[in-house]
Each structure stands twice: as C-alpha cells, then as structure tokens.
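# Remarks on the overall topology
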Amino acid sequence: QHKFWETQPVGQFKDLGNSTLPEGPIEQPTPLSEVKQEPYNLPNLYEWTVCDMKSDEVCNEVYILLTNNYVEDDDNLFRFNYSKEFLRWGLTPPGYFQNWHIGVRVKSSKKLVAFITGIPVKIRVRNEVVQMAEVNFLCVHKKLRSKRLAPVMIKEVTRRIHLENIWQAAYTAGVFLPTPVTTCQYWHRTLNPKKLIDVGFSRLGERMTMSRTIKLYKLPNSTSTRGLRKMELRDVPQVTRLLRNYLNRFIVAPTFDEDEVEHWLLPQENVVDSYVVECEETREITDFFSFYTLPSTILNNQNHSTLKAAYSFYYVTNRVQLMQLMQDALIIAKRDDFDVFNALDVMENEPILKDLKFGPGDGQLYYYLYNYRLNNVLKPSELGLVLL
Ligand code: NHW
Ligand code: EN5
C-alpha cells in the first residue's frame, strides 16, 4: 500500500497499539562517516540545487513554483499562496541550514520544478527534548506528479539532516500516512461572510439570509483586554519565559529560546503578528497571542483572486481567559482586513472554538514524527506544536 513509507523508520500500521515496543527512536544514529556522502540520483533530465532564500531571485522562483503547484483543498477551489517574505521568514530561523532548502531543476532550462525544506527545531516529547528537523514545503510540479519523485526528495532531505547529526523530524500533511501522532481538525471563523460565500469558501446556512449572516459574524469594533498591545523587541525575554512555561503542559511541543522567539513571534507585516497583555500596574507581560498570514489563491473566480487568511499560532494565557484573548485576535484580524481566521483544535483551542463562532472545515491536518515512536495516538489537545 505504501511502497515508500513501509521502508522508513516511522510507526507502521501493523504496530499500532503494540505497547511492548518502547517509546523513542526507532533506529539508532549511525556514525556520520557511514551516512551516504553523495546526493541520491534523480532522473537524468533533472539536477539538485540549493535554494538561497536570502536571494530575491531564488526566493521568487520558489514562490512561483509553490504559488502554482502547492497544496489545494479537496475541491481545488483554493491553493495556498505563501508570500516571498513569509517563505524567507519560515525557512531562515536561527541556526538554519541553507543546504536543507532543496530544489530540483530541469538540467536544460534550469526551471525549478520541485522543492523540499527542513529547518532545525528542538521538540520535547514527554520528558525528553529532541533535536529535530521540521520538514515542509514538499512540492512537485503538477506535470511531474506520480513519478515517485517525492520519495527521492524525502530521502535527500533526510540524508542532509543526518549529515548534521540529527535523526528525528516532525511534519504535517493533509494526507493520511503511516502513522499520525494525532489528527487535527481545521476550524474557520468567518470575518467577511459575503466574500467567503461569493468565492465558495462557505455557504449560506439553511434558512439564513445574507444580512442575518453578516449580523451573526459581526464583531465589536475594539478589543476588550486592558493592556493589549503589539509585541515589541523588548518583550522577547518575558514572552520567551511565558511561552516556555506554558508549552510545558503539552506532551509534544517545541522549546524556544530568546533568539527563536524573536524570529518566530516579533511582528512582521503580512507575515506574523503578535500581541502582548501588559499589566498596567506592574508592567509585566501576563498573556500573549500570535497569528500568521497565509493567503490562498482563489482558483477560477471572476470577482476575487485571493482569500486573506490568518492562522492562529502560539499563545499563552495566565490572567486573561483564552476565549477573550482569541476574541481580541478576531477583532484585530477583522480590522486588518482578513477574510477568515483559521485555527486547529490543538493546545487549548477546542473548547472555545464553537462559542467564538468557528465552524469545522472540510480539511484535516495529520501530525507525524520521523524515527520516533509513541505508544499511543495523542489527542489534539496534547499537542503544543504549530507548523507553517
Ligand atoms: S504537506 C504538503 C505536501 N505538498 C503538497 O501537497 C503539494 C501538492 N502536491 C505535490 O506537490 C507539508 C505532490 O503531490 C507531492 C507528492 C510532492 C506531495 N508527505 O512522487 P510521488 C509537507 O511538505 C508519498 C509525505 O509519485 P507525487 C510535509 C506517497 O504516500 N509523503 O507522488 C512533507 C507515496 O509514498 P507511498 C507523501 O504526488 C513531509 C509517494 O509519496 C506526501 O508526485 C515529507 C508518492 O510519490 C506528503 N505530503 O508527489 C516527509 N504526499 O509509500 C518528511 C505523497 O505511499 C519525513 N507522499 O507509496 C521526514 C524527513 C526528514 C527525516 C530526518 C531524520
Ligand atoms: C502543512 N503545513 O483543505 C500544510 N483547507 O478546512 C499542508 N476548507 O480551507 C496541509 N473544499 O472548510 C494542508 N470552509 C491541509 C489542508 C489543505 C487545505 C484545506 C480546508 C481546511 C479549508 C474550507 C474551504 C472548503 C472549500 C471546499 C472550508 C468551510 C468554512 C465554514 C465557515 C462557516 C462555519 C462552517 C465552516
């Protein structure tokens, strides 16, 4: 069934629920001298390329490949449209490896036709912090699909990760593979009902008129949390402490240091936005939230070409209820002209989504670990990890 994945050190279907197998690495590391030193072979017309995401020209080529060939919804109405600034941000965190940004070009024309990336990340699984890679942006040009290019790309990124003495990875996908750590549900909060209905993102409910729908999704004009403001550079140490502490309550979560918090959470226009709650008496930061900007191209619509979506990212709640914090996130996203606010049922999201008028989407997101076995499938609420 899975000619490639059956050969990989991932949890296999036949082992599900077999708790005699120990938790942890499936394979032991090998000496680096035993890691294959040359790249895997590509079909003859193609060649490997390292993509320098700091180069505008290369970043643009990657952007074009993904804009035209990356993930679509089940009905092919929308395709993710990660911006160039977003891709550069997402792929150049502290300690990144340029040679984990792997492209495939046509030898003759040099056209970029496939891509896969890794970035380094420390992820805690239960009590153990493991140096891992996050693998993302796997893409093969539509005209080259089903030729078993993806397994070669995955093996090549694995090889380059191994050469840095890293033996585990985390990744997410909309497809079901051997075997998920957990299965998450996408939820959507309508901000611009008319546009969402016009483009087929959502439908007018039964016995609902457009004006009743607009009223249903109306939000207050201003946020309600006292002391809420945009995150600044000086907040990095406090936000890091809060986040490290908060993420401890989940079974699988990243551990961020200050450099990583600065990279991942400091606001960048049209990429990522973060807000902190500052206590008016003590000037301490008590809570914060963030979301990232990921528009989708609307395929075949006369009136609209892009859907502006915000995705809930990391947050910490202490003094303020998550419900109120997230409602303020919705108000800010609406003010900033987003059409929809998306969230997964990870962390503590699940209980508040319905009350905030989120509805379940038609997409699921499966989370996976490479070369790390867990005894049980986790609940989404046991996961403190959000990938781009
Ligand atoms: S998920 C988004 C993936 N990208 C897209 O969906 C874009 C649109 N689709 C495409 O470009 C986020 C192609 O359809 C792709 C497959 C390239 C997806 N993950 O070449 P073949 C990520 O980027 C398996 C993993 O003929 P294709 C996460 C499939 O099951 N495997 O297919 C990436 C089959 O294997 P099987 C996937 O359609 C994580 C084989 O590929 C997959 O032309 C990567 C078929 O290959 C997916 N999303 O190209 C893993 N989609 O065993 C990282 C298909 O079933 C692992 N497949 O026969 C960790 C590595 C690092 C370890 C370090 C220690
Ligand atoms: C790795 N980092 O399917 C990413 N999106 O629900 C790769 N549906 O937007 C993994 N089909 O339900 C990608 N509207 C996996 C996701 C791929 C993209 C995807 C889904 C997630 C999505 C929308 C549009 C569906 C269009 C038809 C959807 C319903 C919204 C409605 C609003 C009102 C209340 C009920 C829900």
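Treat the numbers as computed from the prediction; the structure is a model and nothing was measured. All residue numbers refer to position in the chain's written sequence, counted from 1. Chains carry letters and ligands carry numbers; both start at the beginning, A for chains and 1 for ligands, and go up in the order they are written. Predicted model: local features are reported for residues with pLDDT of at least 70 only, side-chain atom pairs are reported and counted for 80 or more only, and whole-chain, interface and lining totals are derived from all residues. Water and hydrogen atoms play no part in the side-chain values, which are based on all heavy atoms of the structure.

## Side note on a negative patch on the surface
Note the following rule: Residues enter patches when their relative accessible area tops 30% and they take part in no salt bridge; the joining distance is 9 Å for like charges and 5 Å for the nonpolar side chains Val, Leu, Ile, Met, Phe, Trp and Tyr. In these tables, accessible area is a Shrake-Rupley quantity obtained with a 1.4 Å probe, and a residue counts as shielded only by the protein chains included in the view. Salt bridges, as used here, are contacts in which a Lys or Arg side-chain nitrogen is within 4 Å of a carboxyl oxygen on Asp or Glu. A positive count includes Lys and Arg, and a negative count includes Asp and Glu. His and the chain ends are not counted in either. Where a charge lies is defined by one atom per residue type, namely NZ (Lys), CZ (Arg), CG (Asp) and CD (Glu). In DSSP terms, a helix is any run of H or I states spanning at least four residues, a strand is any run of E spanning at least two, and both are numbered starting from the N terminus. Throughout this description, buried means an accessible area under 20% of the type-specific maximum (1.4 Å probe, protein chains only), exposed means over 50%, and partly exposed covers the range between.
A cluster of like negative charges, contributed by D257, E258, D259 and E262, occupies part of the molecular surface. Note on placement: E262 falls in helix α7 (residues 258–265). A residue is classified by how much of its surface remains accessible, and E262, at 36% relative accessible area, is partly exposed.

## A word on the site of ligand 1
Inclusion rule: A single heavy atom is enough: if one lies within 4 Å of a molecule or strand, its residue is considered near that molecule or strand. Under this definition, polar contacts are N or O atom pairs within 3.5 Å; protein pairs additionally need one hydrogen-donor-capable and one acceptor-capable atom, and for neighbouring residues in sequence, both atoms have to be side-chain atoms. The classification used treats Ala, Val, Leu, Ile, Met, Phe, Trp, Tyr, Cys and Pro as nonpolar, Asp, Glu, Lys and Arg as charged, and all other residues, Gly among them, as polar.
Neighbouring ligand 1 are 33 residues; H2, W5, L138, S146 and A150 lie closest to it. One nitrogen or oxygen atom from the main chain of L138 is found 2.7 Å from a nitrogen atom belonging to ligand 1. Taking R145, its side chain carries an N or O atom lying 3.3 Å from an oxygen atom of ligand 1. Relative to its unbound accessible surface of 1,200 Å², ligand 1 loses 88% to contact with the protein. Where the shell around ligand 1 is concerned, the elements lending two or more residues are β5 (128–140), α3 (149–162) and β6 (168–173). Element by element, the count of residues in the shell around ligand 1 is highest for α3, at 7 residues. Across the shell around ligand 1, the residue classes tally to 21 nonpolar, 8 polar and 4 charged.

## Digging into the state of the cysteines
The condition that has to hold: For the purposes of this analysis, a disulfide is any pair of cysteine sulfur atoms at a distance within 2.5 Å.
As enumerated under the stated definition, the model contains 0 disulfides in all. Residue C51 stays outside any disulfide, its sulfur separated by 9.6 Å from that of C59, the closest cysteine.

## So, the domain arrangement of the protein chain
We apply this condition: Per the annotation, domain bounds derive from an automatic or database assignment of domains. When checking whether two residues touch, look at their non-hydrogen atoms; a contact exists if any pair is within 4.5 Å. Using a 1.4 Å probe, buried area is obtained as the accessible area two parts lose upon being combined, added over both of them.
When cut into domains, the protein chain gives domain 1 (5–171) and domain 2 (183–382). The C-alpha centroid of domain 2 is placed 26 Å from the C-alpha centroid of domain 1. In this complex, domain 1 contributes 50 residues to the contact, which on the side of domain 2 involves 45 residues. Carbon and sulfur atoms make up 57% of the area that domain 1 and domain 2 hide from each other, which totals about 4,200 Å². Among the residues of domain 1 in contact with domain 2, F78, W89 and R124 are the three that bury the most area, contributing 21% of the side total. On the surface where domain 1 and domain 2 come into contact, there are 0 salt bridges. Between domain 1 and domain 2 we count 23 residue pairs in polar contact (both at pLDDT 80 or more) in total. Looking at the side of domain 1 that touches domain 2, the elements with two or more residues in it are β2 (78–80), α2 (84–91), β4 (112–125), β5 and β6.

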